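Descriptive structure summary
Each chain, letter by letter, is given below.
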Amino acid sequence: MLRVITAEAAYTTEELADILGLPIATIRKYNFHFAKIGVHFTKKNGRLAYTNDDVTIFHELKRIYAHPEMTLEKAVITVAKKFNLVPDTPPTISIEKQTLSLESCEVQMKEIQSYIDAKFEERERQLISMAREIRSLKKAQQQKKSFYKWLKTFFEK
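Report follows, based on the coordinates.

What to know about the overall build of the protein chain
When you go through the protein chain residue by residue, the secondary structure sums to five helices and two strands. Ordered by position in the sequence, the α and β elements of the protein chain form the string α-α-β-β-α-α-α. By the burial criterion, 20% of the 157 residues in the protein chain qualify as buried. A fraction of 53% describes how many contacts in the protein chain between residues 6 or more apart in sequence connect residues 24 or more apart. Working note: accessible area of the protein chain is about 12,900 Å², and carbon and sulfur atoms make up 59% of it.

In structure tokens, the structure reads:
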């Protein structure tokens, strides 16, 4: 089925699937992967509306993804770069935002460190207490043995 595509056309997901000869679920999956890298298609009345350029993008994605070694993620990134849909470099973060982010990280690190120190101190107290208890039990056991030795020597005579 051949369709004539006009310049100002806006296609629904179903129409795009029909044009490409793909299931609707596949178009939605492609959309999801585009959205993951920051590419969003226009919406009209709350529904996705694909332009002729979008149809070309999806045709290219279908062609590239058909290669045996190509994963969908790689194909989406390749198409996005080819059509300049995403910048090659990540967006720069202002120094103020970086400073705020670092300050919040430092506060979190201090909280974590104080929590670890408190747990370490508690564990150390428990270990010392257990060591004292073991020592006293051994001492009591030694005293018990020495009493029995003394008693044994008393009755042997």
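From this point on, the discussion continues.
Brief notes about the packing of aromatic side chains
Under the defined criterion, the tally for this structure stands at seven aromatic pairs. Geometrically, the ring pair formed by tyrosine 30 and phenylalanine 58 is stacked, given 6.4 Å between the ring centres and 20° between the ring planes. Placement of tyrosine 30 in helix α2 (residues 24-36) and of phenylalanine 58 in helix α3 (residues 52-65) is noted, with a sequence separation of 28 residues between them. Summarising the burial analysis for this pair, tyrosine 30 and phenylalanine 58 share the class buried. Centroid distance phenylalanine 41 to tyrosine 50: 5.6 Å. Interplanar angle 55°. Geometry classified as tilted. Of the two residues, phenylalanine 41 and tyrosine 50, neither departs from the other in class, the shared state being buried.

Quick word on the packing of α2 against helix α4 (residues 72-82)
Between α2 and α4, whose axes approach to 10 Å, the crossing angle comes to 65°. Taken as axis vectors, α2 and α4 run roughly perpendicular relative to one another. For the crossing formed where α2 meets α4, the hand is right-handed. Counting all contacts with α2, which are made through Lys29, Tyr30, His33 and Phe34, the residues of α4 involved are Leu72, Glu73, Val76 and Val79. Here the residues of the contact of α2 with α4 are counted per class, giving five nonpolar, one polar and two charged.

Each value, and the rule that gives it
- Residues numbered from 1 in each chain as written.
- Predicted model: local features only at pLDDT ≥ 70, side-chain atom pairs only at ≥ 80, totals over all residues.
- Heavy atoms only, no water.
- Helix = DSSP H or I, 4+ residues; strand = E, 2+ residues; numbered from the N terminus.
- Buried < 20%, exposed > 50% of the residue type's maximum accessible area, 1.4 Å probe, protein only.
- Contact = heavy atoms within 4.5 Å.
- Areas by Shrake-Rupley, 256 points an atom, 1.4 Å probe, with all protein chains shown as cover.
- Phe/Tyr/Trp six-rings, centres within 6.5 Å; stacked < 30°, edge-to-face > 60°.
- Axes fitted to C-alpha atoms, helices over the stretch in contact; angles between N-to-C directions.
- Parallel < 35°, antiparallel > 145°, perpendicular 65-115°, else oblique.
- Left-handed = near helix turned anticlockwise from the far one by under 90°.
- Nonpolar A, V, L, I, M, F, W, Y, C, P; charged D, E, K, R; others polar.

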